[in-house]
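Observations on the model geometry
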Amino acid sequence: QVQLVESGGGLVQPGGSLRLSCAASGNMFSIYPMGWYRQAPGKQRELVAAIDTGGRTNYADSVKGRFTISRDNAKTTVTLQINNLEHEDTAVYYCNAMRGSSWSYLVHWSWGQGTQVTVSS
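Residues numbered from 1 in each chain as written. Predicted model: local features only at pLDDT ≥ 70, side-chain atom pairs only at ≥ 80, totals over all residues. Heavy atoms only, no water.

A few words now on the packing of aromatic side chains. Evaluated as defined, the whole model comprises five aromatic pairs. Between Tyr 32 and Trp 109, the ring centres sit 5.6 Å apart and the planes meet at 80 degrees, which makes this aromatic pair edge-to-face. In this pair, Tyr 32 is assigned in the loop between strand 3 (18–24) and strand 4 (34–39) and Trp 109 in the loop between strand 9 (91–97) and strand 10 (115–119), connecting sequence segments 77 residues apart. With a relative accessible area of 8%, Trp 109 lands in the buried category. One aromatic cluster is present, built from ring pairs that chain together Tyr 37, Tyr 94, Tyr 105 and Trp 111. (Phe/Tyr/Trp six-rings, centres within 6.5 Å; stacked < 30°, edge-to-face > 60°. Helix = DSSP H or I, 4+ residues; strand = E, 2+ residues; numbered from the N terminus. Buried < 20%, exposed > 50% of the residue type's maximum accessible area, 1.4 Å probe, protein only.)

Written out as structure tokens, the structure is:
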């Protein structure tokens, strides 16, 4: 079973930036589209960014222009660069391999612990 370890979160002021990283164990990483999801308190998990096996990216409207997803298949990592952070970005961020399409809430692996992003002045 692949294990996912997210890191890079923290407490930042509005307008700040963070770079989140997700490391996946195992050698199945490169064949799946990958997504970054987030879950704010009291809300459902939300897919915010995705990257397919060819490197094509897609974003939720709420993060377009501020979030950038990338992947390194050799290192089995997927990264989320977050700029111009807003209070509404406060959430726990998770990554996973998507199942069924390159924009999907169906995932292949068990969720990791996630990394907390808190935006506060």
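What follows covers the pattern of salt bridges. For the structure on display, the rule yields six salt bridges. Salt-bridge contacts for Asp 61 lead to Lys 64; the nearest nitrogen and oxygen are separated by 3.2 Å. Given a relative accessible area of 49%, Lys 64 falls into the partly exposed group. (Salt bridge = Lys/Arg side-chain N within 4 Å of Asp/Glu carboxyl O.)

So, on to the nonpolar core. One recurring pattern in soluble globular proteins: nonpolar side chains tend to sit buried together. Core analysis: the largest hydrophobic core is formed by 31 residues, its most contacted members being Trp 36, Val 78, Leu 80 and Tyr 93. Among the elements of the structure, strand 3, strand 4, strand 5 (46–51), strand 7 (67–72), strand 8 (77–82), strand 9 and strand 10 are those that each provide at least two residues to this core. One finds Leu 47, Ala 50, Met 98 and Val 107 within the second-largest nonpolar core, a separate group that totals five residues. (Core = buried A, V, L, I, M, F, W, Y, C linked by side-chain atoms within 4.5 Å.)

Before going further, it helps to spend a moment on the state of the cysteines. For the structure on display, the rule yields one disulfide. Shown here is the disulfide that connects Cys 22 with Cys 95, its sulfur atoms set 1.7 Å apart. On the criterion of sequence distance, the pair formed by Cys 22 in strand 3 and Cys 95 in strand 9 is long-range, its members being 73 residues apart. Residue Cys 22 shares its accessibility class with Cys 95, and that shared class is buried. (Disulfide = S-S within 2.5 Å.)

Next up on the list: the sheet that holds strand 8. Overall, antiparallel pairing links the four strands, which are arranged 1-3-8-7 in an open sheet. Since the sheet does not close on itself, it has two edges, and those belong to strand 1 (4–7) and strand 7, each with one partner. When the angles between neighbouring strand axes are averaged without regard to direction, this sheet yields 15 degrees. Of the pairings in the sheet, the one linking strand 3 to strand 8 comprises six bridges and is antiparallel in character. (Pairing = 2+ DSSP bridges. Axes fitted to C-alpha atoms, helices over the stretch in contact; angles between N-to-C directions.)

Sheet strands line up and pair through hydrogen bonds in the backbone, either parallel or antiparallel. Taken in spatial order, the six strands make up an open sheet running 2-10-9-4-5-6, and their pairing is mixed. Of all the strands in the sheet, just strand 2 (10–12) and strand 6 (57–59) have a single pairing partner and so form its edges. Going from strand to strand, the sheet's axes swing by 25 degrees on average, the running direction of each strand aside. For strand 4 and strand 5, the ladder comprises five bridges, and the chain directions are antiparallel. When the bridges of strand 5 are listed, Trp 36 appears paired with Ala 49.

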